[in-house]
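Working through the structure, step by step
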Amino acid sequence: MTKVTEINKLAEVEGVESFIFVRRDGKVVAENMDNAVSMASTIVMSGLNCESMETLVKEKRYKYLSIERESGKDLIILSLGNFFLGIIKAQEYQSREILDATYSFLKNLMGRKK
């Protein structure tokens, strides 16, 4: 199974309501959300803007961007090299819980052989 195929298992991570894995050019690689096409541009633009801000303030790479939503289903955006990962968290979870679980999932995924 390829790593791109395995990224779909992110939906099984506790607290991840939905996700979108998108290339920097906006092409959706994997997702499980209804509005993936419209969300892709939001994910890419947010990620690129954060990277620009990082350059302006000369700080280390940002770890994630979290956009709080009234519903409690916050949007978390991670920069992963040539990709961005957007996660809608389940309302009953804290962002830190989702981030810890997601980083663990990604570390495990990258440690596997093709």
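The structure contained in this document is the topic of the report that follows. All values derive from a computational prediction rather than experimental measurement. (Residues numbered from 1 in each chain as written. Predicted model: local features only at pLDDT ≥ 70, side-chain atom pairs only at ≥ 80, totals over all residues. Heavy atoms only, no water.)

**A few points about helix 2 (residues 36–57)**
The end-to-end C-alpha distance of helix 2 is 31 Å, a good match for the 32 Å that 22 residues give at a rise of 1.5 Å each. Of the residues making up helix 2, those classed as buried are Ala-36, Met-39, Ala-40, Ile-43, Val-44, Ser-46, Gly-47, Cys-50, Glu-51 and Glu-54. One face of helix 2 carries all of its buried residues, which in axial projection span an arc of 165°. Seen from the buried face of helix 2, the exposed residues on the opposite side, beyond 90 degrees, are Val-37, Met-53, Thr-55 and Leu-56. For helix 2, the secondary structure elements touched by its buried residues are strand 1 (16–23), strand 2 (28–31), strand 3 (65–67), strand 4 (75–80) and strand 5 (83–89). (Helix = DSSP H or I, 4+ residues; strand = E, 2+ residues; numbered from the N terminus. Expected span 1.5 Å × (residues − 1). Buried < 20%, exposed > 50% of the residue type's maximum accessible area, 1.4 Å probe, protein only. Arc of directions from axis to C-beta. Contact = heavy atoms within 4.5 Å.)

**As for the nonpolar core**
Ranked by size, the top nonpolar core spans 18 residues in total, and within it Ile-7, Leu-10, Phe-19, Leu-85, Ile-87 and Phe-105 carry the most contacts. Those elements giving two or more residues to this core turn out to be strand 1, strand 4, strand 5 and helix 3 (95–111). Of all the elements, helix 3 adds the most residues to this core, at 5 residues. If near-sequence neighbours (up to four positions away) are discounted, Ile-87 is found in contact with Leu-10, Val-16, Ser-18, Phe-19, Asp-74, Leu-75, Ile-76, Leu-78, Ile-98 and Thr-102. If you look at the next biggest cluster of nonpolar residues, it comprises 12 residues, including Ala-36, Met-39, Ile-43 and Phe-84. (Core = buried A, V, L, I, M, F, W, Y, C linked by side-chain atoms within 4.5 Å.)

**Re the pairing of strand 2**
Bridge analysis of strand 1 against strand 2 gives 3 bridges, and the strand direction is antiparallel. The partner of Phe-21 across the bridge, within strand 2, is Ala-30. Linking strand 1 to strand 2, which pair antiparallel, is a turn of 4 residues; within it Gly-26 sits at a positive phi near 95°. (Pairing = 2+ DSSP bridges.)

**Digging into the packing of aromatic side chains**
For the structure on display, the rule yields 1 aromatic pair. Summarising the aromatic geometry, the rings of Phe-21 and Phe-83 are spaced 4.8 Å apart at their centres and angled 15° between planes, so their arrangement reads as stacked. One end of the pair, Phe-21, is in strand 1; the other, Phe-83, is in strand 5, with 62 residues separating them in the sequence. (Phe/Tyr/Trp six-rings, centres within 6.5 Å; stacked < 30°, edge-to-face > 60°.)

Scope: geometric values only; no functional claims are made or implied.
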